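What the coordinates show
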Amino acid sequence: MRRHPCFRALTAHSPKRLKSPLMLVLGIETSCDETAAAVVSDSGDVYSDVVRSQIASHAPYGGVVPEIASRDHARAVVPVVREAIAASGFTLAQIDGIAVTSRPGLSGALLVGLSAAKGLAWATQKPFVTVDHLVGHLLAVLLQRPGSSAPRPEYPFIALLVSGGHTAIYRVNGPELSLVHEIGATRDDAAGEAFDKVAKLLGLGYPGGPQIDRLAAIGNAARAGVTLPRGIADHRSFEMSFSGLKSAVARHVASLPSPPQDQALADLCAAFQATIVETLVSKTVRAAAREEVPRIVLAGGVAANKGLRARMAEVCTRRELALFVPPFSSCTDNAAMIAYAGALRLSRGETDTLSEGPATKTALLRVTRKGGGKR
Ligand code: KG4
Ligand code: ZN
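Here we summarise the structure given alongside this text. Numbers given for residues are sequential positions, taken from 1 along each chain in its written order. A letter from A marks each chain and a number from 1 marks each ligand, given out in the order of writing. Given that this is a predicted model, residues contribute local features only at a pLDDT of at least 70 and side-chain atom pairs are listed and counted only at 80 or more, while totals for whole chains, interfaces and linings are drawn from all residues. The basis for every side-chain value is the complete set of heavy atoms in the structure, and neither hydrogens nor water enter the calculation.

As a further point, take the site of ligand 1. In the region of ligand 1, 19 residues are neighbours, and Gly-164, Asp-196, Asp-213, Gly-301 and Asn-305 sit closest. Side-chain atoms alone can form a polar contact between residues adjacent in sequence; in general such a contact is a pair of N or O atoms within 3.5 Å, and within protein one must be able to donate a hydrogen while the other accepts it. Note that an oxygen atom of ligand 1 is positioned 3.1 Å from one of the backbone N or O atoms of Gly-209. At 3.0 Å, a backbone N or O of Asp-333 approaches an oxygen atom of ligand 1. Note on areas: Shrake-Rupley, 1.4 Å probe, and residue coverage restricted to the protein chains presented here. Protein chains shield 88% of the accessible area of ligand 1, which is 550 Å² for the free molecule. By convention in these notes, a residue is near a molecule or strand provided one of its non-hydrogen atoms lies within 4 Å of it.

Okay, the coordination of the zinc ion (ligand 2) next. Looking at the metal site, the zinc ion (ligand 2) is ligated by His-133 (NE2), His-137 (NE2) and Asp-333 (OD), spaced 2.0 to 2.1 Å from it. Counted as donors are the N, O and S atoms within 2.8 Å of the metal, or 3.2 Å for Na, K and Ca, while water is not among the atoms, so some sites may look incomplete. In this scheme the shape depends on donor count and angles: four donors with every angle between 85 and 135 degrees give tetrahedral, four or six donors with opposite pairs above 155 degrees and others between 65 and 115 give square planar or octahedral in turn, and any other case is irregular. Here the zinc ion (ligand 2) binds four donor atoms, and the angle range of 92 to 144° at the metal identifies the geometry as irregular. Sequence positions of the donors to the zinc ion (ligand 2) reduce to the motif H-x3-H-x195-D. You can see His-133 sitting in helix 4 (residues 133-139) and its partner Asp-333 sitting in the loop between helix 10 (328-331) and helix 11 (336-347), a full 200 residues away along the chain. The pair formed by His-133 and Asp-333 is uniform in burial state, with each residue classed as buried. Numbering of helices and strands starts at the N terminus; helices are DSSP runs of H or I of at least 4 residues and strands are runs of E of at least 2. Throughout, exposure labels follow a simple rule: accessible area from a 1.4 Å probe, protein chains only, divided by the maximum for the residue type, with under 20% read as buried, over 50% as exposed, and the rest as partly exposed.

This part takes up unusual backbone geometry. A cis geometry characterises the amide bond from Tyr-155 onward to Pro-156, with omega recorded as -5°. Locating Pro-156 in the fold gives a position in the loop between helix 4 and strand 7 (157-162). Going from Tyr-206 to Pro-207, the amide bond is cis rather than trans, its omega being -10°. Residue Gln-125 is not a glycine yet carries a positive backbone phi of 60°. When you line up the elements, Gln-125 lands in the loop between helix 3 (107-124) and strand 6 (128-132). Residue classification places Gln-125 among the exposed positions, given a relative accessible area of 63%. Unusually for a residue other than glycine, Glu-320 sits at a positive phi of about 60°. Note on placement: Glu-320 falls in the loop between helix 9 (306-319) and strand 11 (322-324). The exposure class of Glu-320 is exposed, given its relative accessible area of 72%.

Structure below.
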């Protein structure tokens, strides 16, 4: 098969060196703008991990266009699954089960992965399980990628899940849905959404997080000439808000004679990023103190942010907290985390029927009410 330039594939181990995995699961992920498939064992060993990004299709629109996402997934899902199986060194017959993201996400996009997974499970008569995308992100830190000997956290751990669609702090007592407790979440925009919206208004393109991260590294927040609001700075609250911050950047830019360029642009990116990072770090560290859990895990696409990683590491060292940061490939959307979460479900004896459909909301219990108003 011709390899698309957007394919990222890796083969973890040669099957000959396998320590006979107990269970091998093919995972499929199509909840947003990445078509992904992976083969992972229930011990977390990653045998293949293929991600086809749709960024080029959405970039001209400055954000994900749901219909384009569904069509791109429909075109890519079969070759991506084929590639993941081939790169794993196993055959489809050797795979024990099929896992797929069923929620939360774009309905049409989820439907493509679900249909592919159901078709495969039906045709091969293999067990089928659905996975909540957020649970996948929370467990991604436990994946054993080739060549990595990074330590894995034990349960319980405090997880900061920061992505394009979700931002929340959880206490994770175990891999089951009922063992994941939300401590606090954003009331409005997700942190990644704030990065993307601010990048768009600064003319930085989509997705904005990596662009702002790059510029913030050469900027100086103190020179930006603006004080940005830290949403819900109240130290007793674990709730967050990022929409005011985005509006403050918009008002500041509108007040300037011309859009910021070069160093001024980098300084503004540094100020914006520092404000978000301070909120995320301080609330997560306080959650760890309140819960008396000395382990913090970063998860989700924004966990790739270098400023967040550096600041969290600094504060955790000072507070004697163990910090677990997955590699970039485990932070952004991937199917390895879905295959692993599915493998754990299967190993607990759980399966789903082929009548399972997509859902836009997470199955995790939410305690933070969205929107404004008195609490
Ligand atoms: O987890 P993810 O890949 O997809 C969702 O489930 O949303 O997260 C995507 C988000 C986007 O908003 C993107 O801008 C953000 O993660 N992101 C970053 C960085 N890399 C990706 N945000 C800040 N800094 C980064 N380096
Ligand atoms: Zn995600």
